[in-house]
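Commentary on secondary and tertiary structure
Next come the chains, spelled out residue by residue.
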Amino acid sequence: MNIGNNIKKLRNANHYSQEELAQKCNVSRQTISRWESNEVLPDTNNLIILAKLFNVTLDEIVFGVTEQKKSENKSIIGKACIIILLAASLVLNIILFVQRHEGTNDPSLNLLQGEYIYQPKDQNYHFILNVHDNDIDFDVYLHDRWSEAWSWKGSIDKKLNIQDLYVYEVELKDDSHSIDNATITMTYDADKDEITCSFPEQLSLGIRAFTMIRK
């Protein structure tokens, strides 16, 4: 049993000088020094004061912090860290979800999310439409090879709803192809889950409109 050494360890752990601890215990600094050197043992009243001050039990002052207590403290700290990390991860996922779906409050726009395809019979090309949030990628494949010359990106701008038919105006925004004020009209049939695309003449490839099904 080394009460003096235990008091010294607890004092240092709580960042108190001997003078500061003496003031809190209403004793002289020399008394603290004599306690720590085991010249004099603190009385019961002072032991209680020390226990409250260091937030420990009397046993921990008299017998020291046990290995079991240290293990319990580490376990509590570990669990607290896990809880904090999980909470931070949850908050981050909520923020990312809100950012990703911001501006997609229109339920029909949420239904559109995904890939659609139009592949005419006996032809060597097909069209792929990819809708993600407000943005759209439109690609043409010739002989199953992606054609950069017929690939556009756009954003959904306006909507009109007529009995489960949602008419959108897609504004193309692809500077690399020098497209000025080109728009695609896109009609989504919620009942059939199909999209009919109508193109301006300069983008039509000879076909002004066709219907795409979900891929």
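It is worth spelling out the overall build of the protein at this point. Tallying secondary structure elements over the protein gives seven helices and eight strands in all. A burial count over the protein gives 33% of its 215 residues as buried. Taking as baseline every contact in the protein between residues at least 6 positions apart, the subset at least 24 positions apart corresponds to 39%. With an accessible surface of roughly 14100 Å², the protein has 51% of that area assigned to carbon and sulfur atoms.

Judged by nonpolar contacts, the single largest core of 27 residues is most densely connected at Leu-112, Leu-129, Phe-138, Met-186 and Met-212. Contact partners of Met-186, with chain neighbours within four places excluded, come to Leu-112, Leu-129, Ile-136, Ile-156, Tyr-166, Val-167, Tyr-168, Val-170, Ile-195, Thr-196 and Cys-197. With 15 residues, the next largest nonpolar core counts Ile-3, Cys-25, Phe-54 and Val-62 among its residues.

For the pair helix H2 (residues 18-25) and helix H4 (residues 44-54), interaxial distance at closest approach is 10 Å and the crossing angle is 115°. Crossing of H2 over H4 shows right-handed handedness. For the pair formed by H2 and H4, the contact residues are Leu-21, Lys-24 and Cys-25 on the first element and Asn-46, Ile-49, Leu-50, Leu-53 and Phe-54 on the second. In terms of residue class, the contact of H2 with H4 is built from six nonpolar, one polar and one charged.

What follows concerns the side chain of Asn-46. Within the fold, Asn-46 resides in helix H4. Sequence-distant contacts of Asn-46, defined by excluding residues within four places in its chain, comprise Cys-25, Val-27 and Trp-35.

Okay, the packing of aromatic side chains next. How two aromatic rings sit relative to each other is set out by the distance from centre to centre and by the angle between their planes. A full pass over the atoms with the stated rule returns nine aromatic pairs. On the numbers, 6.5 Å between centres and 35° between planes, the contact of Tyr-166 with Tyr-188 is tilted. With Tyr-166 in strand S5 (residues 165-172) and Tyr-188 in strand S6 (residues 183-189), this residue pair connects regions lying 22 residues apart in the sequence. Each member of the pair, Tyr-166 together with Tyr-188, is buried. Here a set of aromatic residues connected by ring pairs shows up, and it is made of Tyr-118, Tyr-125, Phe-127, Phe-138, Phe-199 and Phe-210.

This part covers the environment of Leu-21. Along the chain, the position of Leu-21 falls in helix H2. On the basis of relative accessibility, which here comes to 0%, the residue Leu-21 falls in the buried class. Sequence separation between Leu-21 and Leu-50 is 29 residues; the distance between their C-alpha atoms is 9.0 Å.

Now for unusual backbone geometry. One non-glycine residue, Asn-26, adopts positive backbone phi at about 60°. Looking at where Asn-26 falls in the secondary structure, it is placed in the loop between H2 and helix H3 (29-36). The class for Asn-26 is exposed, based on a relative accessible area of 70%. Positive phi, close to 65°, is recorded for Asn-38, a residue that is not glycine.

In this section: the environment of Ile-32. Within the element layout of this structure, Ile-32 appears in helix H3. Judged by relative accessible area, which is 0%, Ile-32 ranks as buried. The spacing of Ile-32 and Leu-21 is 11 residues in sequence and 7.5 Å in space, taken between C-alpha atoms. Not counting residues up to four positions away in its chain, the partners in contact with Ile-32 are Gln-18, Leu-21, Ala-22 and Val-27.

Basis of the calculations
- Residues numbered from 1 in each chain as written.
- Predicted model: local features only at pLDDT ≥ 70, side-chain atom pairs only at ≥ 80, totals over all residues.
- Heavy atoms only, no water.
- Helix = DSSP H or I, 4+ residues; strand = E, 2+ residues; numbered from the N terminus.
- Buried < 20%, exposed > 50% of the residue type's maximum accessible area, 1.4 Å probe, protein only.
- Contact = heavy atoms within 4.5 Å.
- Areas by Shrake-Rupley, 256 points an atom, 1.4 Å probe, with all protein chains shown as cover.
- Core = buried A, V, L, I, M, F, W, Y, C linked by side-chain atoms within 4.5 Å.
- Axes fitted to C-alpha atoms, helices over the stretch in contact; angles between N-to-C directions.
- Left-handed = near helix turned anticlockwise from the far one by under 90°.
- Nonpolar A, V, L, I, M, F, W, Y, C, P; charged D, E, K, R; others polar.
- Phe/Tyr/Trp six-rings, centres within 6.5 Å; stacked < 30°, edge-to-face > 60°.

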